[in-house]
Amino acid sequence: MTYHSRWHACALLFIGLLPSIATAGQQPSSRPSGTPVIVAGLPITGPPPPVAPATVSRDAEGRATLRAIRLSEPLKLDGKLDEPLYAEPSISDFTQMEPKPGAPATERTEVWLAFDQKYLYLTVKCWDSQPESRWVLDEMRRDSSNIPRNENVAFFFDTFYDKRSAVLFEATPLGAIYDAQAQNLRPGGADWNPIWIARPGRFEGGWTLEMAIPFKSLRYRPGTEQVWGFNLRRTVRWKNENSFITRLPLIAGFSGDAAIFQVANGATVVGIQAPEGSKNIEIKPYVVGSTTTDRTSRPPRENDGNGDFGVDFKYGLTPNLTTDFTYNTDFAQVEVDAQQVNLTRFSLFFPEKRDFFLEGQSIFDFGGASSGGASAGGTTPLLFFSRSIGLNQGRPTPIQGGGRLTGRAGKFTLGLLDVRADKDPIGNNPATNFTTVRVRRDILNRSSVGMLFTDRSALSGLAGHGRTYGIDSNFNLKNFVTINAYAARTDTPTVEDNDTSYRVQASYNKDRYGLEFDRLSVGDNFNPAVGFVQRDNFERTYLLGRFSPRPKNNTRIRKYTYQGIYDRFDNASGNFLESRPASGLFSVELQNTDKLTVQYKDDYERLSRPFAIARGVTIPVGAYPFRSVQGQLLLGNQRKASGTVTVERGSFYTGTKTTLNITNARTQFSPRISVEPSLSMNWIDLVQGTFTNTVVSTRATFTVQPRMFVSGILQYASATTSLGSNIRFRWEYQPGSELFVVYTDELDTTGKGSTLRNRAFVVKATRLVRF
């Protein structure tokens, strides 16, 4: 049997076993107290539903079952809480996650959950012992990553009651809103923008929120009687306290604010009578006008005017399966990439920012790695990376159109994507189709198995298709143990061997202790044509151990962390050690969320070929051990000026390196005006030469109201001698419809002055029509 035959036989065996594997997960887990209560055909894993007029029942383990209230007329959203609904008993008695896990919340929170024929309503009344002048309120933009740093409430609905996936909503007293699709123990990105309304208000003892979510904006199981998972987090930012409706376990990386992603540990909501899911139709046309100057292109372009139009179309095949079509797709409104420092031999990773590809992106996650959001990157290959579509060696290529099918069918999660990019005359590449098929099957309580296939119809410089085949599994055992595994192979013309990759990764992540093991192999010719590989031809072994005790009754210190990492990369062809990063870390986290970290690094790099690290500086072949010490100070989000400052000093190849980084910094002048500076400075002194590598950037934002803002970025990179700016105006003038005005330029700062490389001015308008 040939190598490829053995591979396909293994894949067929895996697929053949899927039904028997999946059957093992179809039996509902029993409740500790006996047989589960069955509501609407689903087992309720918490206490029995409350009997009216009660709205909540709890058990001894802190689990809760909530009852939604049916309204006879729509709720008026004004934040005043003067409707008859608020005479009903509220859901309260929240439990802290931080700073005192398991203790009652120190600030009272009341919740009402209701619905009518069209809307799901959620109202929150947040009592606060301090006046508004003490509250942290510094962000108004929709979907800003800074919203959690404010006083806020966040909640999720697990509308399939599978304890695996959910839709997340978040809102603040200023009316800023955030929404995302998330998975259990997996943060989501702001790539999902449903239509919903949030209206804040004030009362003598605190603040309120009244929110309405159209049932049309949600996907859920067939049938009128619904059982959903639910949880709500209240964050009192001025005292860095967050509390939840249910008592949650401490899981490393998913405590504090991030505990909202513990989808499997939420409450159960009964009593919702949802309308039968309709096959929603959305049409979103756009028009765009632009003028472009590009003096680096051949031939150069000078104030080249252009106008265009296109359309996106969304149709619900079933209540749980949605198709999207796009024609003449345009991404002119997308923010420019942030400049990065690269002192390694490997490619930089830039996350996806284009809305069409961001929506539903997590469906295409594979093997325990994100498929291209801000959390992706690193040494684990991405079999599907949407930035490979519409970009050819960094050059934008127009997208003629495409289609996508995403959603659920029973226990299966499906993702199908086909996009056609236009020809690239500069690179002499023909029009290309990019196809991706992702199927994932739920098994056991919160685990899954799946497969992924990608196809690229044309490859640069090669005749034929580039294809990728992969199978993967994800096992979540209880709350703390995760096991990920995958096996994959690529099919590239003229390549016959060394085209496989596999991974086995296991982690134990309790709050006090943590262990992780990762074994990863990437062949020299492993080339996912619709993916991203930062490094190939290696066998990696990664070990991590962590001890994070929480001192008792300490009013200043929340947690200590002791952590050790050993990371080894062996060359897969020559069977020799290529890289070996190792480190030891100690950190102190204070009750105000400030954090001080000291880290010692012991690295080894073997260069098999010369490494050009900077202009005129090349490091010769050889083996290089180097060591460094790093200190880091993180200032918590409750401060007017927050961020992380990192200083590092040590040996580096044939000399020394000193680094100063300022990241995630933010200074707030008012709820409408903020400045976010960033700095990375590296002073390198080697035998081969001395140089400085610097990236400086600043983002300033003025928010007119939650759905209208102006944002500007100015950034300089010494390695490319470029100074660039990007100014964006965004106005969501009605839900789902937007106006963008964008200006972008890049200057060459070589020499004493500066010369223009490129410049663009774009105006784009979209209009959402919903049936």
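Residues numbered from 1 in each chain as written. Predicted model: local features only at pLDDT ≥ 70, side-chain atom pairs only at ≥ 80, totals over all residues. Heavy atoms only, no water.

1. What to know about the overall build of the chain
When its secondary structure is counted, the chain shows two helices and 46 strands. A compact globule built from 771 residues would reach a C-alpha radius of gyration of about 28 Å, and the chain, at 27 Å, matches this within 12%. Dimensions of the chain along its principal axes, counting C-alpha atoms only, are 75 × 65 × 60 Å. Each of the 771 residues in the chain was classed as buried or not, and the buried ones make up 52%. (Helix = DSSP H or I, 4+ residues; strand = E, 2+ residues; numbered from the N terminus. Rg over C-alpha atoms; globule rule 2.2 N^0.38 Å. Buried < 20%, exposed > 50% of the residue type's maximum accessible area, 1.4 Å probe, protein only.)

2. Structural notes on the pairing of strand β14 (residues 225-236)
Within a regular beta strand, the side chains point alternately toward one face of the sheet and then the other, so they alternate between its two faces. Among the twelve residues of β14, eleven are classified as buried, and the element is accordingly described as predominantly covered. Inspection of the sheet shows strand β9 (residues 152-158) paired to β14 by seven bridges, in the antiparallel sense. For F156, the partnering residue across the bridge sits in β14 and is N231. The pairing of β14 with strand β16 (residues 267-273) spans five bridges and is classified as antiparallel. Considered in β16, the bridge of Q226 is made with I272. Judged from the four bridges that link them, β14 and strand β15 (residues 241-244) form a sheet pairing that is antiparallel. Looking across to β15, one finds that T235 is bridged to N242. Turn length for the β14-β15 hairpin, with the two strands adjacent in sequence and antiparallel, is four residues, and the turn residue N240 shows positive phi of about 55°. (Pairing = 2+ DSSP bridges.)

3. With respect to the sheet that holds strand β8 (residues 119-127)
Here five strands make up an open sheet; going across it, the order is β5-β7-β8-β13-β12 and the pairing mixed. Taken across any chain shown, the strands that pair with only one partner, and hence form the sheet edges, are β5 (69-70) and β12 (197-203). Note that β12 and strand β13 (residues 206-214) share seven bridges and pair antiparallel. Each bridged residue has a counterpart across the sheet, and for P200 the counterpart in β13 is L209.

4. Some points on the nonpolar core
By size, the foremost hydrophobic cluster in this structure holds 42 residues, and its most contacted members are F157 and L232. Among the elements of the structure, β4 (64-67), β7 (109-115), β8, β9, β10 (165-171), β13, β14 and β16 are those that each provide at least two residues to this core. Ignoring any residue separated from it by four or fewer positions in sequence, one finds L232 in contact with F94, V111, L122, V124, V153, A154, F155, S243, F244 and I245. Counting 22 residues, the second-largest nonpolar core is a separate cluster that includes F366, I389, A488 and F569. (Core = buried A, V, L, I, M, F, W, Y, C linked by side-chain atoms within 4.5 Å. Contact = heavy atoms within 4.5 Å.)

5. As for the environment of T749
Mapped onto the elements of the fold, T749 is located in the loop between β44 (737-748) and β45 (755-766). On a C-alpha basis, the gap between T749 and S718 in space is 8.9 Å, while along the polypeptide they are 31 residues apart. Residues contacting T749, with those up to four places away along its chain left out, are Y716, T721, S722, L723 and S754.

6. Things to note about the packing of aromatic side chains
This structure, assessed with the given rule, holds 33 aromatic pairs. With a centroid separation of 5.4 Å and 70° between ring planes, the pair formed by F349 and F532 is classed as edge-to-face. In this pair, F349 sits in the loop between β19 (321-329) and α2 (355-358) while F532 sits in the loop between β29 (513-522) and β30 (538-547), placing the two residues 183 residues apart along the sequence. Exposure remark for F532: the relative accessible area of 12% places this residue in the buried category. Members of the aromatic cluster, joined through ring pairs, are F155, F157, F169, W192, W196, F215, Y220, W228 and F230. We note R404 situated over the ring of F356; from NZ or CZ to the ring centre the distance is 4.4 Å. Of note, R606 hangs over the ring of F576, and the distance from its end group to the ring centre comes to 4.1 Å. (Phe/Tyr/Trp six-rings, centres within 6.5 Å; stacked < 30°, edge-to-face > 60°. Lys NZ or Arg CZ within 6 Å of the ring centre and 35° of its normal.)

7. A look at empty space enclosed by the protein
Tallying each qualifying case throughout the model produces three cavities of 30 Å³ or more. Estimates place the volume of the largest cavity at around 130 Å³. N392, N429, P430, T432 and R456 are, among the 17 residues lining the largest cavity, the residues nearest its centre. Among the secondary structure elements, those contributing two or more residues to the lining of the largest cavity are β20 (391-392) and β24 (432-443). When grouped by side-chain class, the residues that make up the lining of the largest cavity number six nonpolar, seven polar and four charged. (1 Å grid on protein atoms, 1.4 Å probe; cavity = no way out; pocket = protein on both sides within 12 Å on 5 of 7 lines; lining within 4 Å. Points joined across faces, edges and corners; volume = space filled by probe spheres on them. Nonpolar A, V, L, I, M, F, W, Y, C, P; charged D, E, K, R; others polar.)

8. As for the pattern of salt bridges
Oppositely charged side chains are able to pair whenever their charged atoms sit close together. This model, assessed by the stated rule, comprises 57 salt bridges. A salt bridge links R699 to E676; the shortest N-O distance between them is 3.7 Å. Here E676 lies in strand β40 (residues 673-686) and R699 lies in strand β41 (residues 689-705), a separation of 23 residues in the sequence. The salt bridge partner of R730 is E738, with a shortest N-O separation of 2.6 Å. A relative accessible area of 12% places R730 in the buried class. Judged by its relative accessible area of 10%, E738 is buried. A single salt-bridge network, built from bridges that share partners, covers R142, D143, D179, K284, R707, R730, E732 and E738. (Salt bridge = Lys/Arg side-chain N within 4 Å of Asp/Glu carboxyl O.)

9. Points about the environment of T703
With respect to the helices, strands and loops of the structure, T703 is situated in strand β41. In this structure, the C-alpha to C-alpha distance between T703 and S144, residues 559 residues apart in sequence, is 11 Å. Look past the residues within four positions of T703 in its chain and what remains in contact with it is E139, M140, R141, R672, M708 and F709.

10. So, unusual backbone geometry
Residue E98 is joined to P99 through a cis peptide bond whose omega torsion reads 5°. Along the chain, the position of P99 falls in the loop between β6 (95-98) and β7. Backbone geometry at N303 places phi at a positive 50°, although glycine is not the residue there. Of note, N303 is situated in strand β18 (residues 301-318). For N664, which is not glycine, the phi dihedral falls at a positive 50°. Here N664 is to be found in strand β39 (residues 655-668).

11. Here's the deal with the pairing of β19
In terms of burial, β19 is largely enclosed, as seven of its nine residues are buried. Between β18 and β19, which pair antiparallel in sequence order, lie two residues. Alignment of β19 against strand β22 (residues 399-409), held across eight bridges, turns out to be antiparallel. Within β22, the residue paired with T326 across the bridge is G402.

12. Observations regarding the side chain of T721
By the element assignment, T721 lies in the loop between β42 (708-717) and β43 (722-734). A distance of 3.3 Å separates a polar atom in the side chain of T721 from a polar atom in the side chain of R757. (Polar contact = N/O pair within 3.5 Å; in protein donor to acceptor, adjacent residues only side chain to side chain.)

13. Observations concerning the environment of G367
Counting through the fold element by element, G367 comes out in the loop between α2 and β20. Counting along the chain gives 97 residues from G367 to V270, while the straight-line C-alpha distance between them is 34 Å. Ignoring sequence-local partners within four residues, the contact set of G367 consists of D472, N484, A485, Y486 and R503.

14. With respect to the confidence of the model for the chain
Detail in the predicted coordinates should be disregarded across regions flagged by low pLDDT. Of the residues in the chain, 93% have a pLDDT of 70 or more, and the chain-wide mean is 89. Per-element mean pLDDT across the chain ranges from 38 in helix α1 (residues 3-23) up to 98 in β8. Contacts of residues 1-34 to residues separated by more than four positions or lying in other chains number 40 contacts, the stretch itself having pLDDT below 50. (pLDDT = per-residue confidence, 0-100.)

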